[in-house]
Amino acid sequence: MRNSRSSGALRVADTGSTPSRRERNAAETRQRILNAAEIEFAKKGYDGARLGQIARSAEVQQALIHHYFDDKRGLYREVIERALDAMSLESWDVVHRFAQPLDDTRIPELVRAFVDLLMWQSVKHRMVYAIMRHASAAASDGEIPDDVPDALIRKVMHEKTKPVFDAVVALIETLIQKGCLRSDVHARHLCISTLSLVWITVQDERLVRTLWSVDVRSPEFVRDRKEEIVKTILARVLPSPDGG
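About the cut-offs
- Residues numbered from 1 in each chain as written.
- Predicted model: local features only at pLDDT ≥ 70, side-chain atom pairs only at ≥ 80, totals over all residues.
- Heavy atoms only, no water.
- Helix = DSSP H or I, 4+ residues; strand = E, 2+ residues; numbered from the N terminus.
- Buried < 20%, exposed > 50% of the residue type's maximum accessible area, 1.4 Å probe, protein only.
- Lys, Arg positive; Asp, Glu negative; His and termini not counted.
- Salt bridge = Lys/Arg side-chain N within 4 Å of Asp/Glu carboxyl O.
- Polar contact = N/O pair within 3.5 Å; in protein donor to acceptor, adjacent residues only side chain to side chain.
- Contact = heavy atoms within 4.5 Å.
- Axes fitted to C-alpha atoms, helices over the stretch in contact; angles between N-to-C directions.
- Left-handed = near helix turned anticlockwise from the far one by under 90°.
- Nonpolar A, V, L, I, M, F, W, Y, C, P; charged D, E, K, R; others polar.
- UniProt positions renumbered as here; feature names shortened; annotations may be inferred.
- pLDDT = per-residue confidence, 0-100.

## Considerations on the side chain of Lys72
Among the secondary structure elements, Lys72 is positioned in helix α5 (residues 72–99). Notably, Lys72 is buried but unbridged: the nearest opposite-charge side chain belongs to Asp47, and the N-O separation is 5.4 Å. Among the polar contacts made by the side chain of Lys72, one reaches the main-chain carbonyl oxygen of Tyr46 at a distance of 2.6 Å. Among the polar contacts made by the side chain of Lys72, one reaches the main-chain carbonyl oxygen of Ala49 at a distance of 2.9 Å. For Lys72, the residues in contact, after removing those within four places along its chain, are Phe41, Tyr46, Asp47, Ala49, Arg50 and Leu51.

Structure representation (structure tokens):
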């Protein structure tokens, strides 16, 4: 078996590579570190995660973590930013696709697109949601110091995620004003309700498995779950035939 520390040393010492190859290798190394860190932070939280274990999992020298990310906090932030950047871009794509033209004929398609996206993101970014749960559980009530993980996550979410949700709220409010949605729909509460409907299945799958002994990751269950969520949302937001 090849020694990972030796192979890491060879990568660092490989000054004979062309610039493009070195850049490619550096990018690949960064991604391996981020992937390993995401798993470690998800399993153990910020305080329990160890840079040495992350380095071993990524098959690099620990010094490379400090080279690319400065310290544990820098690595933690980039893990969160990487996921939230991806999620924000995916969400903006849906917002932009449905922003124009905006009419009542596209409501079912819009709801289905967002539910599909949220279900997919909940699975794809499962580790990051676990990291957030760790941070939230570790945070104390009241004022949160800037140097704790939960405060860092909130800061990154405010930068990356809040603009998307503000745009979704604005989209919903426009649809309400145009009469495409019921007048008693509260845009922010609708967002929270939709997130809850999606996330409880994926993030609390142990509960669902315990209650009904179902495979929540099976294609059949995911398909049926998405359909149920879409129907529930549409029943809440679409105006009744009598105009109510």
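Let us keep going from here.
## Thoughts on the packing of helix α6 (residues 107–124) against helix α10 (residues 187–203)
At their nearest, the axes of α6 and α10 sit 10 Å apart, and the two run at 35° to each other. In this structure, α6 meets α10 at a crossing whose hand is right-handed. Across the interface between the two elements, Leu118, Met119, Ser122 and Val123 from α6 touch Thr194, Leu195, Val198, Trp199, Val202 and Gln203 from α10. Taken together, the residues of the contact of α6 with α10 break down into seven nonpolar, three polar and no charged.

## Here we look at the environment of Asp166
Within the secondary structure, Asp166 is located in helix α9 (residues 162–177). On a C-alpha basis, the gap between Asp166 and Ala187 in space is 9.8 Å, while along the polypeptide they are 21 residues apart.

## Focus: the UniProt feature "DNA-binding region" (unreviewed entry) in the chain
The UniProt record annotates "DNA-binding region" (unreviewed entry) at residues 50–69. Within residues 50–69, the helical portion is 80% and the strand portion 0%, while the C-alpha atoms at the span's ends are 14 Å from each other.

## Topic: unusual backbone geometry
One non-glycine residue, Asp70, adopts positive backbone phi at about 70°. In this fold, Asp70 is placed in the loop between α4 (62–69) and α5. One non-glycine residue, Ser213, adopts positive backbone phi at about 50°. Topologically, Ser213 is positioned in the loop between α11 (205–212) and α12 (219–237). With a relative accessible area of 66%, Ser213 lands in the exposed category.

## Re the confidence of the model for the chain
Any region with low pLDDT has predicted coordinates that should not be read closely. Across the chain, the average pLDDT comes to 85, with 86% of residues at 70 or higher. By mean pLDDT, the top-scoring element of the chain is helix α3 (residues 51–58) (97), and the lowest-scoring one is helix α1 (residues 4–13) (42). Across residues 1–15, confidence stays below pLDDT 50; counting only partners more than four residues off in sequence or on other chains, it has 14 contacts.

## Focus: the pattern of salt bridges
Scanning all chains against the criterion turns up 20 salt bridges. Taking the shortest distance from any N to any O, the salt bridge between Glu227 and Arg112 comes out at 2.8 Å. Of this pair, Glu227 sits in helix α12 while Arg112 is found in helix α6, placing the two residues 115 residues apart along the sequence. Under the relative-accessibility criterion, Arg112 is labelled partly exposed at 34%. Across the pair Asp215 and Arg209 runs a salt bridge, and its minimum N-O distance is 3.7 Å. Judged by relative accessible area, which is 42%, Asp215 ranks as partly exposed. Here Arg209 falls in the partly exposed class, since its relative accessible area comes to 32%. Ionic contacts of the salt-bridge type, sharing partners, join the residues Arg126, Glu205, Arg209, Asp215 and Arg217 into one network.

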